Amino acid sequence: MSYEKKREQFSNRYPAVMELAEKAKKRMPQVALAYLDGGTGDEALLRRNLTAFQRINFIPRFCKGPLKVNMETKLFGKTYAAPIGMAPVGLTGLMWPKAERFLAATAKRLQIPFCLSTVATETPETVGNFIGDMGWFQLYPPKDKPLLHSLLERAQDAGFHTLVVTADVPMASRRERSKRAGLSMPPKITPKMLWQGLTHPSWTYHTLLHGLPRLRTVEHYTNNNDMKFVSGFVGNRLGGTLDWDYCQELKTLWQGPVVLKGILHPEDAAKAVEIGLDGIYVSNHGGRQFNGAVTALDALPHIVKEVKGRAPILFDSGIRTGLDAMRALYLGADFVLAGRPFIWGVAALGKFGGDHIAHILIDDLKNNMVQLGVESVAELRKAEVTLG
């Protein structure tokens, strides 16, 4: 059965992203939910990411006759069905088994991008079989060059064409909520974990069918599939070394667009353009990394002003509705991505979850553009707003 046959039923029952989130939270064990939904510190940035959108209010124009919104978006030489994609999420299979496969298949069906994390639970080779021409690969920069060259080669050979380099993890953040929930590597079989498994039978059943989550991309280099060993490898060998010379070298190694993710300062954006990177990805890691950071939405217009159209600007952190996406596009983003919503969708609805989240976001974006009285992003950016 296809999603199209279920869409009306899903749309009536789950018309908003957060309704799917509520269903997902009932199906996921606490340790998985804490990893997905948590931030760091007192998690104030998680809340500010969401409320930042509410300060932008549009003044609609009417009496324009029939309006037809065109969602097609060209980015890095490819045409996507909408300016909305799936942001990278690590440890994806912990939240729901086969999540990467489901979302990759959604990306191919709907012609929107899916970005696979270095620390996802499926390999580029596996996901490449599902994703068609919609694959992006997110890189946590390795400290040693042979590992870097191998990761890039594997991703490109599997058909991934856009490289997204994460800059905003100079070291692992504390993520206290995950610690309180008992997340450890490897997950320990404790009375609490057993109870979580028993009280979330659907997650447990699918996890047993697919196998416990593993960092399959990086375990390739360890000759040891033990999760504790692999997670130690990740901590010691990935991240913490990124500088501008490294970024420039990536541009020479990757045969395609290179995007720098996690940028919040205009001068960093300008430097990325100066050294030849192809895109700026404005993000505060969904509020998961540095609780004292500015919201991505507040940073966005300053970066747009600095870049001056010299490179496309991507955006994530806090997207929950099509109206959120519209506000980011109005402020100058060329493309927006969402992470948590797509995982909630899969955890709630399985293989149809990604399709339904995409439908909600894209349909809501179209609806709000018509409500405002615009047919394109170019018109949207000329709209009048009040800031409150």
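The structure we're discussing is the one just above.
Residues numbered from 1 in each chain as written. Predicted model: local features only at pLDDT ≥ 70, side-chain atom pairs only at ≥ 80, totals over all residues. Heavy atoms only, no water.

**Q** Honestly, the packing of helix 17 (residues 322-330) against helix 19 (residues 353-372) in this entry has me stumped. Any pointers?
**A** When two helices pack together, you describe them by how their axes are tilted relative to each other and by the distance separating the axes. Contact geometry of helix 17 with helix 19 gives a least axis separation of 7 Å together with a crossing angle of 60 degrees. The interaxial crossing formed by helix 17 with helix 19 has right-handed handedness. Across the interface between the two elements, G322, L323, M326 and L329 from helix 17 touch L361, D364, L365, N368, M369 and L372 from helix 19. Partitioning the contact of helix 17 with helix 19 into residue classes produces 7 nonpolar, 2 polar and 1 charged. (Axes fitted to C-alpha atoms, helices over the stretch in contact; angles between N-to-C directions. Helix = DSSP H or I, 4+ residues; strand = E, 2+ residues; numbered from the N terminus. Left-handed = near helix turned anticlockwise from the far one by under 90°. Contact = heavy atoms within 4.5 Å. Nonpolar A, V, L, I, M, F, W, Y, C, P; charged D, E, K, R; others polar.)

**Q** What is the right way to look at helix 17 in this model?
**A** In an α-helix, one full turn covers 3.6 residues, which means residues spaced three or four apart are oriented alike. A large share of helix 17 lies buried, amounting to 8 of its 9 residues. Regarding helix 17, the residues found buried are G322, D324, A325, M326, R327, A328, L329 and Y330. A distance of 3.3 Å separates the backbone nitrogen of L323 from a side-chain oxygen at the start of helix 17, and that oxygen is part of T321. (Buried < 20%, exposed > 50% of the residue type's maximum accessible area, 1.4 Å probe, protein only. Polar contact = N/O pair within 3.5 Å; in protein donor to acceptor, adjacent residues only side chain to side chain.)

**Q** Teacher, can you tell me more about helix 1 (residues 3-13) here?
**A** Burial in helix 1 covers these residues: Y3, K6 and F10. All buried residues of helix 1 fall inside an arc of 70 degrees around its axis, so they share one side. Structural note: helix 1 exposes K5, E8 and N12 on the side pointing more than 90 degrees away from its buried face. Looking at the buried positions of helix 1, the neighbouring elements they touch are helix 18 (340-349) and helix 19. (Arc of directions from axis to C-beta.)

**Q** It is not clear to me how the pattern of salt bridges should be interpreted in this structure. Could you clarify?
**A** If charged atoms from side chains of opposite charge come close, those side chains can pair. Counted by the stated rule, this structure contains 14 salt bridges. With a shortest N-O distance of 2.6 Å, E43 and R177 are connected by a salt bridge. In this pair, E43 is assigned in the loop between helix 3 (30-37) and helix 4 (44-52) and R177 in helix 9 (residues 176-181), connecting sequence segments 134 residues apart. Given the relative accessible area of 26%, R177 is considered partly exposed. (Salt bridge = Lys/Arg side-chain N within 4 Å of Asp/Glu carboxyl O.)

**Q** Would you mind showing me how to read the layout of surface pockets here?
**A** Size it by volume and the largest pocket reaches roughly 1,200 Å³. Y35, V119, Y140, R175 and R288 are the residues nearest the centre of the largest pocket, which is lined by 48 residues in total. Going through the elements one at a time, helix 3, helix 9, helix 13 (227-237), strand 11 (335-338) and helix 18 are the ones with two or more residues in the lining of the largest pocket. It is helix 13 that provides the largest number of residues to the lining of the largest pocket, a total of 3 residues. Class assignment for the residues of the lining of the largest pocket results in 21 nonpolar, 18 polar and 9 charged. (1 Å grid on protein atoms, 1.4 Å probe; cavity = no way out; pocket = protein on both sides within 12 Å on 5 of 7 lines; lining within 4 Å. Points joined across faces, edges and corners; volume = space filled by probe spheres on them.)

**Q** Explain empty space enclosed by the protein to me, please; I cannot follow it from the model alone.
**A** The method is simple in principle: a probe with the dimensions of a water molecule rolls over the atoms, and the space it marks as empty is what remains. This structure, assessed with the given rule, holds 2 cavities of 30 Å³ or more. Of the volumes computed, that of the largest cavity is approximately 60 Å³. Of all the elements in the fold, those that place two or more residues in the lining of the largest cavity are strand 5 (114-116) and helix 18. The leading source of residues in the lining of the largest cavity is strand 5, at 3 residues. Among the residues forming the lining of the largest cavity, the class breakdown is 11 nonpolar, 3 polar and no charged.

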